[in-house]
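Here's the letter readout for the chains.
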Amino acid sequence: MHSQSFRALGVALALSCCATVHAQTQPDPAIVFGRDVLNPRTGESSEALFVTDRWGITLAQVTSPRDGVRDAEASWPPDGGHLVFARYGGGLESQLLVVDRRGERVNRLTSGQRDDHNPVWGPGSLIAFESAPSNSQPDCLRVVDAQTRRQRETFFAVIDYNGGRTDVQSPTWSADGNSVYVAASQPAGRLGEAWFGDVYRVEVATGAATRVAQVGLDEPAYGIIAPDGRTAIFHDEFYEDG
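Reading the values: rules and limits
- Residues numbered from 1 in each chain as written.
- Predicted model: local features only at pLDDT ≥ 70, side-chain atom pairs only at ≥ 80, totals over all residues.
- Heavy atoms only, no water.
- Helix = DSSP H or I, 4+ residues; strand = E, 2+ residues; numbered from the N terminus.
- Contact = heavy atoms within 4.5 Å.
- Areas by Shrake-Rupley, 256 points an atom, 1.4 Å probe, with all protein chains shown as cover.
- Polar contact = N/O pair within 3.5 Å; in protein donor to acceptor, adjacent residues only side chain to side chain.
- Pairing = 2+ DSSP bridges.
- Axes fitted to C-alpha atoms, helices over the stretch in contact; angles between N-to-C directions.
- Phe/Tyr/Trp six-rings, centres within 6.5 Å; stacked < 30°, edge-to-face > 60°.
- Lys NZ or Arg CZ within 6 Å of the ring centre and 35° of its normal.
- Core = buried A, V, L, I, M, F, W, Y, C linked by side-chain atoms within 4.5 Å.
- Buried < 20%, exposed > 50% of the residue type's maximum accessible area, 1.4 Å probe, protein only.

Asker: Give a detailed account of the overall build of the protein chain, specifying residues and quantitative values.
Answerer: If you tally the helices and strands in the protein chain, you get zero helices and 20 strands. Within the protein chain, contacts between residues at least 6 apart in sequence are counted, and of these 43% link residues at least 24 apart. Split by element, the accessible area of the protein chain, about 12,500 Å² in all, is 49% carbon and sulfur.

Encoded structure:
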């Protein structure tokens, strides 16, 4: 049996330029998480979102996806009123939806032939997320306004050192809401014998991107920017028998 594991590469980037990254808080602290839900009539399961208080006393289910559908990657807005999340499965590309804390109103935020995922709610009504076009191109950074549903492609993707494209990872808002930080793992050399972990600052209004940090890697890795914005950690993902 294959089990999924993660191995940290032990690299961290000092990001003094993004020390003021937006930290999401809610007036009434709560925790959102996913849980498998079994349908007793069909024997099929789905993954729904639940909200609990920080002491685990109250518990409320806020989404009810149909069989085989997974709701995940939820993010709070600054006022804590609604959740944005990604919905996977059901024969469609993953899309973003918004739901109120009671689960009474669920509205689709994105649509089209793209896989939209990993949303991060920034200041106001803006949401940054990763979006993969249907033609197998890498993830790009997009921003959508939760009120108007207007979208814009802010940063199409990172151009790697061989002229190809690579995914953006881990979008993280700046405190002023004017920019989004993203990580990228890029090959270097014709044979991909070396890799770099990069962090970019992307201006939301213009889409201009500036590389603000870089570290050498031994192999492909996924970058995560810490909530305080001071560090980024790159780790690889591997499978082992057991």
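Once you've had a look at it, read on.
Asker: Any details on the environment of Thr 206? Residues and values, ideally.
Answerer: Structurally, Thr 206 is set in the loop between strand S17 (194–203) and strand S18 (209–217). Separated by 52 residues in sequence, Thr 206 and Thr 154 have C-alpha atoms that sit 7.3 Å apart. Reaching out from Thr 206, the side chain makes a polar contact with the backbone nitrogen of Ala 208 at a distance of 3.2 Å.

Asker: Break down the sheet that holds strand S11 (residues 140–145) for me, citing the residues and quoting the values.
Answerer: As summarised here, the arrangement of the four strands in space is S9-S10-S11-S12, forming an open sheet in which the pairing is antiparallel. Edge positions in the sheet fall to strand S9 (114–121) and strand S12 (151–155), since each of these pairs with one other strand and no more. The sheet shows a mean angle of 35° between the axes of neighbouring strands, taken without regard to direction. Where S11 and S12 come together, four bridges link them in antiparallel fashion. Residue pairing across strands places Val 143 opposite Arg 152, the latter belonging to S12.

Asker: An account of the packing of aromatic side chains is needed here, citing residue identities and associated values.
Answerer: Think of a pair of aromatic rings as described by two things: how far the centres are apart, and how the planes are tilted against each other in angle. Tallied over the entire structure, the rule returns one aromatic pair. On the basis of an interplanar angle of 20° and a centroid distance of 5.9 Å, the ring pair of Phe 33 and Phe 50 is categorised as stacked. Residue Phe 33 is found in strand S2 (residues 30–38), and its partner Phe 50 is found in strand S3 (residues 45–53); the two are separated by 17 residues along the sequence. One Lys or Arg, Arg 35, reaches over the ring of Phe 50 and ends 5.1 Å from the middle of that ring. Above the ring of Tyr 88, the side-chain terminus of Arg 70 is found at 4.4 Å from the ring centroid.

Asker: Residues and numbers for the nonpolar core, please.
Answerer: Counting 13 residues, the largest nonpolar core has Ala 128, Leu 141, Phe 155, Trp 173, Val 180 and Val 182 as its most contacted members. Ranked by the residues each element gives to this core, the list is headed by strand S16 (residues 179–188), at three residues. Once you skip the residues sitting within four places of it in the chain, Val 180 turns out to touch Ala 128, Leu 141, Pro 171, Thr 172, Trp 173, Tyr 200, Arg 201, Val 202 and Val 204.

Asker: I'd love a proper account of the pairing of S16, names of residues and values included.
Answerer: Of all 10 residues in S16, 10 are buried; the element is thus mostly enclosed. Here strand S15 (residues 169–173) folds back onto S16 in antiparallel fashion, the turn holding five residues, of which Gly 177 has a positive phi close to 75°. Bridge analysis of S16 against S17 gives 10 bridges, and the strand direction is antiparallel. In the strand pairing of S17, Tyr 181 is matched with Arg 201.

Asker: An account of the sheet that holds S16 is requested, with residue identities and associated values reported.
Answerer: Strand pairing within a sheet occurs via backbone hydrogen bonds; the two strands may be parallel or antiparallel. Reading across from one edge, S15-S16-S17-S18 is the order of the four strands in this open sheet, with antiparallel pairing throughout. What marks the edges here is a single partner per strand, and that holds for S15 and S18. For this sheet, the mean angle separating the axes of adjacent strands, direction not counted, is 20°. Of the strand pairs in this sheet, S15 and S16 are connected by three bridges, and their pairing is antiparallel. By the bridge assignment for S16, Trp 173 is matched with Val 180.

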